[in-house]
Amino acid sequence: MDEVSVRVAAASEVAVRLDAIGGLYQQAFAEPPNVAETPAEHRATLLRLLSDPSFGCALAEVGGELVGFVYGYQLTASGRWWDGLRDPMPQEFTTEWEGRTFAIIDIAVAQPWRRHGIGARLMDTLLCERAEQRATLGMIPGLPAAEFYTATGWDLLSRQDSPPDAGWTSPVFDVYVRELTGTGSR
Ligand SMILES: CC(C)(COP(=O)(O)OP(=O)(O)OC[C@H]1O[C@@H](n2cnc3c(N)ncnc32)[C@H](O)[C@@H]1OP(=O)(O)O)[C@@H](O)C(=O)NCCC(=O)NCCS
């Protein structure tokens, strides 16, 4: 296998690689039961995330070609991340404060490069850099990614019904959490 480079990328680099990230996103998330935002929606989502100072991203490349990405941002106290959990969590679990939780928004590896450990390296590379106490993500039920998350240290917390007015990509998610070693301040 050619040398795969996996590294954290600054928001400024992500901003100039939107086309490559968008292209890989469309390929990876077009496979049902995944749901892809349209290219315009996804670009707008990325630009919104990029403007958040807590944005974090790692990229995987082979010979300069993008073969994988992961990105996310820190939850805020006013967010709705934990709304609609079928197994409700106590308030002390769902209350957010600065530095508490990093949310993974998207992760993808190009099809020919899957099952070579790149997804795991992407996640570890990004999360090792973070100072938050824990990470979370939402997955559309039924994806093979569930086995990836179980194999890479994530715990399934609960199924979640999306709030009707939230505009999320699926009416239902499985919410995962993973403890980090951060102290909670950035
Ligand atoms: C999920 C995804 C990022 C995983 O990337 P990857 O580089 O293939 O993952 P890794 O090679 O690091 O996998 C690590 C371990 O996870 C498990 N795993 C990963 N993909 C799996 C699959 N499709 N089926 C079963 N187990 C899987 C395995 O235990 C694997 O170790 P092994 O290959 O030694 O058995 C990739 O499949 C992908 O891009 N999927 C499409 C986009 C997507 O669904 N993203 C997540 C949305 S919530």
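Scroll up a little and you will see the structure.
Note that the coordinates shown come from a computational prediction; the quantities given were computed from them, not determined experimentally. Within every chain, residues take consecutive numbers counted from 1 along the sequence as written. This being a predicted model, a pLDDT of at least 70 is required before a residue's local features are given, and a value of 80 or more before pairs of side-chain atoms are given or counted; all residues contribute to the totals for chains, interfaces and linings. Each side-chain value is derived from all of the structure's non-hydrogen atoms; neither hydrogens nor water enter the calculation.

K.L.:
Mind laying out the pairing of strand β2 (residues 56–62), listing which residues take part and the relevant values?
P.N.:
For the exposure calls, accessible area comes from a 1.4 Å probe over protein chains only, and a residue counts as buried if that area is under 20% of its type's maximum, exposed if over 50%, partly exposed in between. Strands here are runs of E lasting at least two residues and helices are runs of H or I lasting at least four, both read from the DSSP assignment and numbered beginning at the N terminus. By the criterion of burial, β2 is predominantly enclosed, with seven of the seven residues buried. The alternating pattern of β2 places G56, A58, A60 and V62 and C57, L59 and E61 on opposite faces, both of which are buried. Two elements, strand β1 (residues 5–8) and β2, share four bridges in a ladder whose sense is antiparallel. The residue of β2 that forms the bridge with R7 is L59. In this description, strands pair whenever DSSP reports at least two bridges between them.

K.L.:
Hey, could you go over the site of the ligand for me, with residue numbers and the actual values?
P.N.:
The rule for a residue being near a molecule or strand is that one of its heavy atoms must lie within 4 Å of it. Surrounding the ligand, one finds 20 residues, the nearest of these being V109, R115, G117, G119 and A120. Take H116: an N or O atom from its main chain is 3.3 Å from an oxygen atom of the ligand. In isolation the ligand offers 920 Å² of accessible surface; the protein chains occlude 77% of this area. For the shell around the ligand, the elements supplying multiple residues, two or more each, are α2 (18–29), β4 (101–109), α5 (118–128) and α6 (145–151). Broken down by element, the shell around the ligand gets its largest block of residues, five residues, from α6. Only Asp, Glu, Lys and Arg are considered charged in this grouping, and only Ala, Val, Leu, Ile, Met, Phe, Trp, Tyr, Cys and Pro are considered nonpolar; every other residue, Gly among them, is considered polar. Considered class by class, the residues forming the shell around the ligand number 13 nonpolar, four polar and three charged. As used in this structure description, the phrase polar contact means that two N or O atoms lie within 3.5 Å; if the pair is within protein, one of them must be able to donate a hydrogen and the other to accept it, and residues adjacent in sequence are counted only when both atoms belong to side chains. A 1.4 Å probe and the Shrake-Rupley method give the accessible areas. Residues count as covered only by the protein chains that appear here.

K.L.:
Kindly report on the packing of aromatic side chains, identifying the contributing residues and their values.
P.N.:
The rule is short: rings of Phe, Tyr and Trp, with Trp giving its six-membered ring, pair when the centres are within 6.5 Å, and they are stacked under 30 degrees, edge-to-face over 60, tilted in between. Under the definition given, this model contains eight aromatic pairs. Residues Y25 and F29 carry aromatic rings whose centres are separated by 4.7 Å and whose planes lie at 20° to one another, so their mutual orientation is stacked. Taken as a pair, Y25 and F29 lie in helix α2 at a separation of four residues, close to a single helical turn. Since its relative accessible area comes to 3%, Y25 is described here as buried. Overall, F29 belongs to the buried group, its relative accessible area being 10%. One aromatic cluster is present, formed by F148, Y149, W154 and Y176 through successive ring pairs. Geometry around F93 places R134 over its ring, the cationic atom sitting 4.5 Å from the centre. The criterion is that NZ of a Lys, or CZ of an Arg, lies within 6 Å of the ring centre and within 35 degrees of the ring normal, and then a charge sits over that ring.

K.L.:
Please set out helix α3 (residues 39–50) residue by residue, giving values where relevant.
P.N.:
Helical geometry note: an α-helix holds 3.6 residues per turn, so side chains three or four residues apart project in the same direction. Take the number of residues in a helix, subtract one, and multiply by 1.5 Å to get its expected span. Between the first and last C-alpha of α3 there are 16 Å, a value that for 12 residues agrees with the 16 Å anticipated at 1.5 Å per step. Taken together, the buried positions of α3 are occupied by H42, T45, L46, L49 and L50. Down the axis of α3, the buried set is contained in an arc of 135°. They therefore lie on one face. In α3, the exposed residues that point more than 90 degrees away from the buried face are A40 and R48. It is the directions from the helix axis to the C-beta atoms whose arc is reported.

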